[in-house]
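# Breakdown of the fold
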Amino acid sequence: MDCELTVELLITYDVDTTTPEGRRRLRHVAKACEAYGIRVQKSVFEVVCRRSDWMYMKQRLNEIIDPAEDSIRIYALDRGSFAAAEHMGQSPPAPHDTPLVF
């Protein structure tokens, strides 16, 4: 992946799961994030993708959530931030340098 065209993102979300619709939204948000990133916590993904993929993913997430009930936070990080992250406990480094196979 060309480094000049990629972004590193930390995506966190909190979806209201008190209703069946909320549980469905939660599954859809997770699947949208899994398409581009690596789950590092239950509701936290590290994403390295092309800027064009990020625009598509952002649009998809906006279509899924209920903005009155749910929250998604996206942190754009400097290139190389994931490699510099400290890991403690059951948190092995994510393989961002290897291709994702779906």
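Residues numbered from 1 in each chain as written. Predicted model: local features only at pLDDT ≥ 70, side-chain atom pairs only at ≥ 80, totals over all residues. Heavy atoms only, no water.

### Let's talk about the nonpolar core
Side chains that are nonpolar tend, in soluble globular proteins, to be buried together. Counting 18 residues, the largest nonpolar core has Ile11, Tyr13, Val29, Cys33, Val47, Trp54 and Met57 as the members making the most contacts within it. Among the secondary structure elements, those contributing two or more residues to this core are β1 (6-14), α1 (20-34), β3 (44-50) and α2 (51-64). Contact partners of Cys33, with chain neighbours within four places excluded, come to Ile11, Tyr13, Phe45, Met57 and Leu61. (Core = buried A, V, L, I, M, F, W, Y, C linked by side-chain atoms within 4.5 Å. Buried < 20%, exposed > 50% of the residue type's maximum accessible area, 1.4 Å probe, protein only. Helix = DSSP H or I, 4+ residues; strand = E, 2+ residues; numbered from the N terminus. Contact = heavy atoms within 4.5 Å.)

### Digging into the UniProt feature "binding site: Mg(2+)" (unreviewed entry) in the protein
Feature annotation in UniProt places "binding site: Mg(2+)" (unreviewed entry) on Asp14, given in this structure's numbering. Here Asp14 is to be found in strand β1. Assessed through its relative accessible area of 55%, Asp14 is described here as exposed. Not counting residues within four places of it along the chain, the set of residues in contact with Asp14 comprises Asp70 and Ser71. (UniProt positions renumbered as here; feature names shortened; annotations may be inferred.)

### Regarding the pairing of strand β2 (residues 37-41)
The two faces of the sheet receive side chains in turn, since in a regular strand these alternate between them. Pairing of β2 with β3 involves four bridges; the strand directions are antiparallel. Across the sheet, residue Gln41 finds its bridge partner in β3, namely Val44. Where β2 hands over to β3, the hairpin turn is made up of two residues, counted between the paired strands. (Pairing = 2+ DSSP bridges.)

### Some words on the pairing of β3
Within β3, five of the seven residues are buried, which leaves the element mostly enclosed by the surrounding structure. Note that β1 and β3 share seven bridges and pair antiparallel. Bridge pairing links Thr6 to Arg50 in β3.

### So, α2
Look at α2: 20 Å from first C-alpha to last across 14 residues, which is about the 20 Å you get at 1.5 Å a residue. Every buried residue of α2 is accounted for by Asp53, Trp54, Met57, Leu61 and Ile64. Seen along its axis, α2 keeps its buried residues to an arc of 100 degrees; they face one direction. Residues of α2 that are exposed and point more than 90 degrees away from the buried face comprise Asn62 and Glu63. Buried residues belonging to α2 abut β1, α1, β3 and β4 (71-77). (Expected span 1.5 Å × (residues − 1). Arc of directions from axis to C-beta.)

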